[in-house]
Amino acid sequence: MGKSRNKRSRSTRSLASHVVAIANQKGGSGKTTTAVNLAAAFVELGKHVLLIDCDQQANATRWLGCNENESDLLEVFTDKRPLDEIIQTTDSGIDVVPSSTHLAGIDRAMANELGCEMILRKAIAKLPNKWDLILLDCPPALGLMTASALVASQRVLVPVEAKALGLEGLASLMMTIETVADRLNPDIQLDAILPCIVDRRTRLATEVIGALRKRLGRKVLKSEIGVNIRLAEAFSHRLPITSYASSSAGAADYRQAAMELAKRWR
Ligand SMILES: Nc1ncnc2c1ncn2[C@@H]1O[C@H](COP(=O)(O)OP(=O)(O)OP(=O)(O)O)[C@@H](O)[C@H]1O
Ligand SMILES: [Mg+2]
């Protein structure tokens, strides 16, 4: 009986828990704002969410008020510590694997480590079956941390700033995803593009989103995240938008995106 229960929990795990990399090597495209506030919107929907901060800038770590003197993701790579030993619970209800500036030299430090892109995937596979959703906030580069996140994920969510330059680099991100799919993780797919920092007053934003939809069709979400200063303020207050300004347009946009993604990922 014990055995059959074990079997069942393993099979439910692959259905219920989604690992999603939030990636775009273009800096400032809204990755961290999306990781934190989408996670918070999913928590409001009653989901148990783990956010893994894969960026040495540690913005998600700071946004959610983690203790920065504790162990961070680097130790999973260098000391092979299990991920669940370094998870911090936060007031937002989001569980967080923190990052720090110590992660800065990781590409060089791991240069001679064979198969180091697999470390994060293996660490995630050993986590208890506790989270409905695991989000990975990637840095603005296609280095080891983004590669590790792509190898560890089933899906990629790409926040794109709705400006002409926002589309820059999208082609090389798509090529990287294809290479990862081909060589390391056949399960990975570019799942959704989320237009972010959309200035709805300008024609340019509409044109950029139109061009995206023409090129990528259904991959572009119907939801959009408009420019909302409350989102930028929420970071300084170390609160997700759903707590800092629950009735703001920013909170409404991320709730809408969470609902659309929840349907897509069901
Ligand atoms: N919808 C929005 N409205 C207004 N400001 C926003 C919005 N989304 C993000 N910002 C601001 O834009 C800047 C970049 O956002 P964010 O840090 O989320 O991008 P990122 O892709 O994570 O950046 P990086 O590539 O450096 O990790 C931040 O100052 C953030 O406060
Ligand atoms: Mg970021």
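Residues numbered from 1 in each chain as written. Chains lettered and ligands numbered in written order. Predicted model: local features only at pLDDT ≥ 70, side-chain atom pairs only at ≥ 80, totals over all residues. Heavy atoms only, no water.

What to know about the packing of helix 2 (residues 31-44) against helix 12 (residues 249-265)
In the contact formed by helix 2 and helix 12, the axes pass within 9 Å of each other and the chain directions differ by 75 degrees. Classified by the angle their axes make, helix 2 and helix 12 are roughly perpendicular. Listed contacts from helix 12 to Thr-33, Thr-34, Asn-37, Leu-38, Ala-41, Phe-42 and Glu-44 of helix 2 are Tyr-254, Arg-255, Ala-257, Ala-258, Leu-261, Ala-262 and Trp-265. (Axes fitted to C-alpha atoms, helices over the stretch in contact; angles between N-to-C directions. Helix = DSSP H or I, 4+ residues; strand = E, 2+ residues; numbered from the N terminus. Parallel < 35°, antiparallel > 145°, perpendicular 65-115°, else oblique. Contact = heavy atoms within 4.5 Å.)

Description of the site of ligand 1
For ligand 1, the set of nearby residues contains 18 residues, the closest of which are Lys-31, Thr-32, Thr-33, Gly-226 and Asn-228. At a separation of 2.9 Å, a nitrogen atom of ligand 1 approaches a polar backbone atom of Gly-226. Within the complex, the protein chains bury 77% of what would otherwise be the 620 Å² of accessible surface of ligand 1. Where the shell around ligand 1 is concerned, the elements lending two or more residues are helix 2 and helix 10 (229-236). Per-element tally for the shell around ligand 1: the top contributor is helix 2, with three residues. Taken together, the residues that form the shell around ligand 1 break down as six nonpolar, nine polar and three charged. (Near = heavy atom within 4 Å. Polar contact = N/O pair within 3.5 Å; in protein donor to acceptor, adjacent residues only side chain to side chain. Areas by Shrake-Rupley, 256 points an atom, 1.4 Å probe, with all protein chains shown as cover. Nonpolar A, V, L, I, M, F, W, Y, C, P; charged D, E, K, R; others polar.)

Regarding the nonpolar core
By size, the foremost hydrophobic cluster in this structure holds 48 residues, and its most contacted members are Ile-52, Leu-73, Leu-83, Ile-124 and Leu-136. Of the residues forming this core, the biggest block, six residues, is contributed by helix 7 (residues 144-152). Every residue in contact with Ile-52, bar those within four places of it in the chain, is listed here: Leu-73, Leu-83, Val-97, Ile-124, Ile-134, Leu-135, Leu-136 and Asp-137. (Core = buried A, V, L, I, M, F, W, Y, C linked by side-chain atoms within 4.5 Å. Buried < 20%, exposed > 50% of the residue type's maximum accessible area, 1.4 Å probe, protein only.)

Section: the confidence of the model for the chain
When pLDDT is averaged across the chain, the result is 91; 93% of the residues are at 70 or more. In the predicted structure, residues 1-16 sits below a pLDDT of 50 and forms eight contacts with residues beyond four places in sequence or in another chain. (pLDDT = per-residue confidence, 0-100.)

Re a positive patch on the surface
Together, Arg-218, Lys-219, Lys-222, Lys-263 and Arg-266 make up a positively charged patch on the protein surface. With respect to the helices and strands, Lys-263 occurs in helix 12. (Patch = residues over 30% accessible without salt bridge, like charges linked within 9 Å, V, L, I, M, F, W, Y side chains within 5 Å. Salt bridge = Lys/Arg side-chain N within 4 Å of Asp/Glu carboxyl O. Lys, Arg positive; Asp, Glu negative; His and termini not counted. Charge placed at Lys NZ, Arg CZ, Asp CG, Glu CD.)

A short note on helix 12
With 17 residues, helix 12 extends 24 Å between its outermost C-alpha atoms, agreeing within 8% with the 24 Å of an ideal straight helix rising 1.5 Å per residue. Of the residues making up helix 12, those classed as buried are Gly-250, Ala-251, Asp-253, Tyr-254, Ala-257, Ala-258, Glu-260, Leu-261 and Trp-265. (Expected span 1.5 Å × (residues − 1).)

Thoughts on the packing of aromatic side chains
Taken as a whole, this structure holds two aromatic pairs when the rule is applied. A centroid spacing of 6.0 Å and a plane angle of 10 degrees characterise the contact between Phe-42 and Trp-265, whose relative ring orientation is stacked. You can see Phe-42 sitting in helix 2 and its partner Trp-265 sitting in helix 12, a full 223 residues away along the chain. A single burial state applies to Phe-42 and to Trp-265, both of which are buried. (Phe/Tyr/Trp six-rings, centres within 6.5 Å; stacked < 30°, edge-to-face > 60°.)

Brief notes about the side chain of Asp-137
Checked against the element boundaries, Asp-137 lands in strand 5 (residues 133-137). Buried Asp-137, no salt bridge; nearest opposite-charge side chain is Lys-31, N-O distance 6.5 Å. Polar side-chain contacts of Asp-137 include one of 2.8 Å to the side chain of Thr-32. The residues touching Asp-137, leaving out its near neighbours within four places in the chain, are Ile-22, Lys-31, Thr-32, Ala-35, Leu-51, Ile-52, Asp-53, Cys-54, Asp-55 and Ala-60.

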